[in-house]
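Observations on the model geometry
Residues per chain, in single letters:
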Amino acid sequence: LSMSTNSDTPADPSQKDVPLGPACMVVFVCFLIGLCIVIAIMAYMLTGNQGKRAATALRKQLIPWVDESSLSKTDQSAIIEELNNIANMMERDQLTPRQLTRLGVRLSDSPILQWGTVEQVLKFVQTNEEFNATEREEIQRTCDRWLRCAAEGKLSMTEMDFAFQGCAAKDPRSGRMTLRPDVTTSQIREFHRRVLGVCDKYKIDSEPFDKSISQVFHSMIEDGLAEK
């Protein structure tokens, strides 16, 4: 796939395009979502039953990040409640090192917490007159397939970064991804083409997917807590 070009309108200098490449992937994952979970795991492993340090890492890093994300308020509330429950379990030393490790892997490599950017794309498509009814329906259906792909654990952050290259930007301090204010319809169409390519690559079912972001997140947490 070829990289799409940025629009001609100057972007906010405080933001930059979503990066590509393994090095950027490491920075994005480690310093965005995974870092706080890694800290939580390390704290738990090093201090034994002093799970309060691990809970503090969640409450001071990941929960505020979610609260300021572009996810819908409904999904934000449900995800924050879930994370607070995990923090409570950490404080009561109810999680094993294995469970913490599994949670860390899922949270650090899952694109779910960045899904607000996908919702911004869908809103842009629905309100832009350059997209006809057929295009709007196709893009919605493809994004539903993409969410199913993420729910099945097949979508990586590298693929999400690549799909958003050119049409999304991320804050250099938090790594929070948002749709560029100067995004063009051609960039959105390229985004759709790339997302469709990912779905076809993994042979994702095109049947309607009726789970919300928070429900997908909940399933991911349940899988991480399972002692397998």
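Higher on the page you've got the structure.
Described below are features of the structure shown in this document.

**Re the overall build of the protein chain**
Counting its regular elements, the protein chain contains ten helices and three strands. Out of the 228 residues belonging to the protein chain, those deemed buried represent 50%. Sequence-distant contacts in the protein chain: of pairs separated by 6 or more residues, those separated by 24 or more amount to 79%.

**Quick word on the pattern of salt bridges**
This structure, assessed with the given rule, holds 13 salt bridges. Between arginine 59 and glutamate 91 there is a salt bridge; the shortest N-O distance is 2.7 Å. Within this pair, whereas arginine 59 is found in helix α3 (residues 52–67), its partner glutamate 91 is found in helix α4 (residues 73–91), the two being separated by 32 residues in sequence. The class of arginine 59 is partly exposed, set by a relative accessible area of 27%. Put simply, arginine 189 and glutamate 135 hold a salt bridge, and the shortest N to O gap is 2.7 Å.

**Concerning unusual backbone geometry**
One non-glycine residue, aspartate 93, adopts positive backbone phi at about 55 degrees. By secondary structure assignment, the location of aspartate 93 is in the loop between α4 and α5 (97–109). Its identity is not glycine, yet lysine 203 carries a phi of approximately 55 degrees, on the positive side. Within the secondary structure layout, lysine 203 lies in the loop between α9 (185–201) and α10 (213–225). What makes lysine 203 exposed here is its relative accessible area of 71%.

Reading the values: the criteria
- Residues numbered from 1 in each chain as written.
- Predicted model: local features only at pLDDT ≥ 70, side-chain atom pairs only at ≥ 80, totals over all residues.
- Heavy atoms only, no water.
- Helix = DSSP H or I, 4+ residues; strand = E, 2+ residues; numbered from the N terminus.
- Buried < 20%, exposed > 50% of the residue type's maximum accessible area, 1.4 Å probe, protein only.
- Contact = heavy atoms within 4.5 Å.
- Salt bridge = Lys/Arg side-chain N within 4 Å of Asp/Glu carboxyl O.

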